[in-house]
Each structure stands twice: as structure tokens, then as C-alpha cells.
Amino acid sequence: MSRFSLYFALCSHRQLTETSPTMSMSSATGVFLISLLSIPILWVVNHSGLIGGNPWGIVAAGYASLLGIPAVTYFVIREKRVKKDPWFYVFTVFAFSSVVDLVLCLEMDGMISGFSEFYMKEGEPYLGTAYGIMISYWDATAHYSMYLMMVAAIAWNEQYREVGLYWVGSLLHSMIVFMPGTFIGKFANEIRPAILLNIPYVVVPVVAGVKYLQSRPDSQALSKEVKKVQGTSLLKRPLDVLLMLFLLVSIGISVIRGLAVLDCPWEVTKMYAKEYEPYLEDRTAYPVIQMLVYLFYFVPYYLAAMYGLVQPGCGWMSDWALLFAGAAAQGQFSHIGSSFHGRTRFTRRVPEATSLEFWVINLLLAIVPQILAYRCVKYPAFFTRSRNQAVNGVKESPSKKEAIGK
């Protein structure tokens, strides 16, 4: 799924000013090398007993890294312009954390050992569930790639608003599912102080998302070409017609899965959970929260997106398409992986007889938002909003001219 984030990063590529390639490259490379320091640090902490059996020691060590990693970055990076950008330090800390997640999930899957026993015992044992392992894999691959992209963009003085929106959607979605699922699932009685380490991963993407949305380019006068595109009927736009159909199917699937986790008495929901996705009834509660997010967040978005494909001038379409594309990629990656993972009870894994249907359904839910985001970003003319257009009689307020991501 991370290839989609790579595409959006490329879509957002705009050269603003010329900088020193050597200096910029050293800044991005420095962040990459700093993130790798998490590996020896984990090994030393795990074998030295520095934290001992103190759960609060893990919290203190985690938040110490919020200060320590930026400090190291400040002294390593030499370019003054990069040093002044606070988001450069934020993404550096998050990249460091992504490598930590890589070590954790690899150890949970038995590929390595000796790095994270202390954390899984006294920190966040629920990360050892199938869902916890899969979100760690996603953070260690997709999110890590995005952090390096955004750091490189800052180093090269380029904007990264699109990939930033994709990242916000992905990270916020993982937290929206992970946090409530942890509190109400079978690990509710094993919550330790280390749960507080997740606070920055809720607050930071919210702040970033608000900034990115507020930095939407100003409305502009419509050119003749744009007016012609916006005057084209839906029936003459085959891609949009297909998207409408796929969105309708996605709504139906999301409603069925949402009702299934709510114990709806309908036969179709019971049959779906039993025959196609028994993981929906897993005791960890993560799949329950995931399906409720689809029902109460994705379904309204799908309906709004269908409206945006019919009504020209919906300038919000591109931003929200990127947000939900990131959310869908993260959600489906984690859900699909958890449905097959060895730490999921055998009776809750995907039945072999219906595995093909499972893949078709879940890949559809993963890919459709990516195609919609691609369409909105690559061909934005239909969604271009003029200065004189209004929604419900209210003119659009001007947005900040200077894009965030600088």
C-alpha cells in the first residue's frame, strides 16, 4: 500500500527554490541514520535492566526521546533553514519510533530476539496481538517511508502537503481503532502507563491535519478549459461512473460489516460474519471498532464523495480523498493481515472456502479510495472552485496562501 503514498509524494513535487544538493541530502540522510539508533538503544535497555520492572520508567524513557532525538538532530544537521522547521524534528522523532515498531513486530513474529522483552512485558502487551503486530508493520514501512519523504521535501525546500494529508489519515485512523479497541477489548485489564506514549500520535496528526486543510490553495477564476470539464455530464465521464458504482458497493459492504459487529439479527449479517470474516468476532475488539469506523465515518464520506463527483466545484474533494485513502490503506492492511495472522485464533481466521471472496471484498475497500484520490489529485479541474462559487449560499473563505509543509 505504501506505493500510493509514494505516488502522492511525486504528485506534490514542486521545486520552489534551489538549495545545495549536498547539504540537503546530508539532512535527509542524517534523519535516516538517527532513526537507526533505536536498534542499539533497544538492545542496551533490554539487556542492561536500566528500567527494571518500573512501568513508569518506560514512559519517562519514551518522552525523554521526544527531547533527546530532536537535540541530536539539531547538532547533526548543519543547514540553518532546515534547523528552523519544527516539523523536521517531529518527523525525525516519528521515524525513530517507526524503527522501534519494526523491531517490536519482528520480535513478536519470532524473526529476531533480545530487543523488546521488557517493553512487551511492562509496556504495551496488546502490541503482541495480531492487530498490534500489523499496525506496527504498517508504521515501520508505510509511515516510515512517508516520514523520509517529508523530511527530504523539507531538506529540498519543496512542499509535501499531499503526502502529509495521506499520512494524517493513515496515522489518525490507526489510533482511532487502536486506542478504543485496547480499552474495551480483552487487554482492558492489562493497560499500563506506557499507553500514555500514544498521546503524541493522536495530537500531532490532528494539529498537522488542521494546518494542511487550512493551507488549501485559494479559489481562482475558472479558465475556459476548466469550465468545459465542469460542464461535462457524469455519463460522459466513465471513470467517475465506475467510481460511483464502486462507492455504492463499498457502502453496502461497510453497512453489512458494521451491522454484523453490532449483533444485528439479520441473516445476511450473521452469515457474513460466520462464512466470510469470522475475525469480526475476535475478542480483542479491534475488528469491531474498525467496522464501526467504516459504518459511521467511511459511509458518510462515500456519500459525500458521490456528491462531489456529480456537483462541480467541490474544492474539498482532493484533501478528503487523500485523508481517507490513507485511512483505508492502513485499515485494510491491518485488517487483512490480522485475519490471517498466526496470533489470531484458528477459528477466527479466514475460512479457506471463502478466501477468494474475502480478498475481493477487502481489496475493493482498500483500492477504491486510492483510485478516487488519484483521480482527484491527478485531474482536479472538475473540483476547482471559483471565487464566486458558494455552498448553500455562503462564499468560501480565503485560505492561507502559504502552504504548510514549509
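Anything mentioned here points back to the structure above.
The residue numbering used here restarts from 1 in each chain and proceeds along that chain's sequence as written. Note on the predicted model: pLDDT of at least 70 is required for a residue's local features to be given, and 80 or more for side-chain atom pairs to be given and counted; whole-chain, interface and lining totals, by contrast, use all residues. Side-chain numbers here rest on the full set of heavy atoms in the structure, without hydrogens or water.

> I'm lost on the overall build of the protein in this one. Help?
Segments assigned H or I by DSSP are reported as helices when at least four residues long, segments assigned E as strands when at least two residues long, and all are numbered from the N terminus. Counting its regular elements, the protein contains 16 helices and two strands. Accessible area is worked out with a 1.4 Å probe on protein chains only. A residue is then buried under 20% of its type maximum, exposed over 50%, and partly exposed in between. Out of the 406 residues belonging to the protein, those deemed buried represent 53%. In what follows, residue pairs with any heavy atoms lying within 4.5 Å of each other are defined as contacts. Of all intrachain contacts in the protein linking residues separated by at least 6 positions in sequence, the fraction that spans at least 24 positions is 81%. Accessible surface for the protein amounts to roughly 18,800 Å². Of this, 66% is attributable to carbon and sulfur atoms. Areas reported as accessible are Shrake-Rupley estimates using a 1.4 Å probe. Residue values count occlusion only from the protein chains shown.

> What is the right way to look at the pattern of salt bridges in this model?
Where charged atoms of side chains with opposite charge meet at close range, the side chains can pair. Criterion for a salt bridge: a side-chain nitrogen of Lys or Arg within 4 Å of a carboxyl oxygen of Asp or Glu. The tally for this structure, following the rule as stated, stands at six salt bridges. The shortest N-O distance in the salt bridge between Glu277 and Arg257 comes to 2.9 Å. One end of the pair, Glu277, is in the loop between helix H13 (267–275) and helix H14 (286–310); the other, Arg257, is in helix H12 (residues 238–261), with 20 residues separating them in the sequence. Both residues of the pair, Glu277 and Arg257, belong to the buried class. For Glu281, the salt bridge goes to Arg348, with nearest N and O atoms at 3.2 Å. Separated by 67 residues along the polypeptide, Glu281 in the loop between H13 and H14 and Arg348 in the loop between helix H15 (317–340) and helix H16 (355–378) bring together distant segments of the chain. Take Glu281: its relative accessible area is 44%, and that puts it in the partly exposed class. Via salt bridges that share partners, Arg161, Arg216 and Asp319 belong to a single interconnected network.

> Looking at this structure, I do not really get the environment of Ser116. What am I missing?
Positionally, Ser116 belongs in the loop between helix H6 (86–108) and helix H7 (117–122). Note: C-alpha distance between Ser116 and His47 (69 residues apart in sequence) is 9.5 Å. Non-local contacts of Ser116, meaning those with residues more than four positions away in its chain, are made with Asn46, Leu104, Glu107 and Met108.

> Can you walk me through the nonpolar core in this structure?
Side chains of nonpolar character tend, in soluble globular proteins, to be buried together. Residues belong to a common nonpolar core when they are buried Ala, Val, Leu, Ile, Met, Phe, Trp, Tyr or Cys residues joined through side-chain atoms within 4.5 Å. Ranked by size, the top nonpolar core spans 107 residues in total, and within it Phe91, Tyr119, Met150, Tyr160, Trp167, Phe178 and Leu372 carry the most contacts. Per-element accounting of this core gives the leading share, 15 residues, to helix H8 (residues 130–155). In contact with Trp167, other than residues within four places in its own chain, are Phe91, Phe94, His143, Met146, Tyr147, Met150, Val204, Pro205 and Ala208.

> I tried to follow the side chain of Asp85 on my own but got confused; where do I start?
One can find Asp85 in the loop between helix H5 (80–83) and H6. Identification of polar contacts relies on pairs of N or O atoms within 3.5 Å, with a donor-acceptor requirement for protein atoms, meaning one able to donate a hydrogen and the other able to accept it, and with residues adjacent in sequence counted only if both atoms are side-chain atoms. Polar side-chain contacts of Asp85 include one of 2.9 Å to the backbone nitrogen of Trp87.

> What is the right way to read a nonpolar patch on the surface from this model?
Residues forming no salt bridge and having over 30% relative accessible area are the ones grouped into patches, like charges within 9 Å of each other and nonpolar side chains (Val, Leu, Ile, Met, Phe, Trp, Tyr) within 5 Å. On the surface, Trp56, Leu196, Ile199, Val202, Val203, Val206, Val207 and Val210 cluster together to form a nonpolar patch covering roughly 630 Å² of accessible area. With five residues, the single largest contributor to the nonpolar patch is helix H10 (residues 200–214). The residue Trp56 is located in helix H4 (residues 55–76) in this model. By relative accessible area, which is 51% here, Trp56 ends up exposed.

> When you look at the packing of aromatic side chains in this model, what are you seeing that I'm missing?
The relation between two aromatic rings is expressed through the spacing of the ring centres and the mutual angle of the planes. Two aromatic rings, drawn from Phe, Tyr or Trp (for Trp, its six-membered ring), form a pair once their centres lie within 6.5 Å of each other, and the interplanar angle then sorts them: stacked below 30 degrees, edge-to-face above 60, tilted otherwise. For the structure on display, the rule yields 28 aromatic pairs. Ring centres 5.5 Å apart and planes at 90° place the aromatic pair Phe91 and Trp167 in the edge-to-face group. Highlighted residues: Phe91 in helix H6 and Trp167 in helix H9 (residues 161–184), separated in sequence by 76 residues. Summarising the burial analysis for this pair, Phe91 and Trp167 share the class buried. Taken together, a centroid distance of 6.0 Å and an interplanar angle of 10° make the contact between Phe178 and Tyr286 stacked. A residue pair is termed long-range when its members are at least 10 positions apart, and Phe178 in helix H9 and Tyr286 in helix H14 qualify at 108 residues.

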